[in-house]
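If you want the building blocks of each chain, they are given just below.
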Amino acid sequence: MRPAFYDRPVLAVAADLIGCILEHDGCSGVIVETEAYHHSEAACHAYVGLTARTSTLFAPAGIAYVYRSYGIHALINAVCEPEDVGAAVLIRALEPLTGLDAMRARRGLQRERDLCSGPGKLTQALGIGLEHNATDLTTGPVVIGSRPERWAGVQIVSDRRIGITRAIELPWRFCVAGSRYLSRPVSAFGGTAVRAAAVC
DNA sequence: CATGGGATTGACT
DNA sequence: GTCAATCCCATGC
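What counts and how
- Residues numbered from 1 in each chain as written.
- Chains lettered and ligands numbered in written order.
- Predicted model: local features only at pLDDT ≥ 70, side-chain atom pairs only at ≥ 80, totals over all residues.
- Heavy atoms only, no water.
- Near = heavy atom within 4 Å.
- Polar contact = N/O pair within 3.5 Å; in protein donor to acceptor, adjacent residues only side chain to side chain.
- Nonpolar A, V, L, I, M, F, W, Y, C, P; charged D, E, K, R; others polar.
- Helix = DSSP H or I, 4+ residues; strand = E, 2+ residues; numbered from the N terminus.
- Axes fitted to C-alpha atoms, helices over the stretch in contact; angles between N-to-C directions.
- Parallel < 35°, antiparallel > 145°, perpendicular 65-115°, else oblique.
- Left-handed = near helix turned anticlockwise from the far one by under 90°.
- Contact = heavy atoms within 4.5 Å.

Let us now look at the protein's contact with DNA strand B. As a matter of local geometry, DNA strand B sits amid 21 residues, with Tyr67, His73, Asn77, Arg107 and Gly120 nearest to it. Counting only the atoms of DNA strand B within 4 Å of the protein, the fraction contributed by sugar and phosphate is 55%. Within the backbone of Ala43, a nitrogen or oxygen atom sits 3.4 Å from a base nitrogen of DNA strand B. Note that a phosphate oxygen of DNA strand B is positioned 3.1 Å from one of the backbone N or O atoms of Pro119.

Right, here's the structure in full:
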């Protein structure tokens, strides 16, 4: 994906990243769940403005924002919109595609459904860590590639975001309808169909 | 400088 | 269903 892909409204990018490929170190998977964050709403780290922690969120479009969550997990986002806007798409779940054996070794378990079905799980499975913060997703080592043909017309639904305490009303979570690889099922609130993702 | 709160996960009741 | 692990950093005194 080129930088211009990310230099658009974060909600559009979050929907369009569904079906695209996240790849690192020989492992890859199809993105089946994303969430959008924007500095205008309180759940976004950039809501507090520009600080040492949030500086990556104000980086150019296409840069990776990787941060530590709950002191344990690394979560990866794709920075979006112009540099004066703090916005990013959190990658929350993948359907494993290649490098399954390496994923199983890193995760310490066998079940394919459990390898990448959560934002902390997929970074562990792909070997993505805090050292990848501020790296370029268009050139690697962590890269996002365009959708395979068979994912072109995938059905997408929106839902409320997971695990946040503020701005919980916004339907800014995007999922592949019916996917078995989501971090959690789509809620009763969600299920609203979103237009089929645009061509990447 | 001390404190508290997470964009989570896995183990356990 | 509950709960601890563990660390970065924003905030407040």
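Okay, back to it.
Okay, the protein's contact with DNA strand C next. DNA strand C sits among Val48, Thr51, Arg53, Arg68, Tyr70, Gly71 and Ile72. Sugar and phosphate atoms constitute 60% of the interface atoms of DNA strand C, taking the interface as everything within 4 Å of the protein. Separating a phosphate oxygen of DNA strand C from a side-chain N or O atom of Thr51 is a distance of 2.8 Å. In this structure, Tyr70 approaches DNA strand C through a main-chain N or O atom, which is 2.4 Å from a base oxygen. Residues that form the surface near DNA strand C fall into these classes: three nonpolar, two polar and two charged.

In this section: unusual backbone geometry. Here the bond from Gly140 into Pro141 is cis, since omega is 10 degrees, no more than 30 degrees from zero. Mapped onto the secondary structure, Pro141 falls in the loop between helix H5 (119-126) and strand E6 (143-145). Within the chain, Asp25 stands out as a residue other than glycine whose phi angle is a positive 55 degrees. Relative to the helices and strands, Asp25 resides in the loop between strand E1 (21-24) and strand E2 (27-38).

What follows is about the packing of helix H3 (residues 100-107) against H5. Contact geometry of H3 with H5 gives a least axis separation of 7 Å together with a crossing angle of 115 degrees. Between H3 and H5, the interaxial angle falls into the category roughly perpendicular. Where H3 crosses over H5, the handedness of that crossing is right-handed. Of H5, the residues touching H3 (which contributes Met103, Arg106 and Arg107) are Lys121, Gln124, Ala125 and Leu126.

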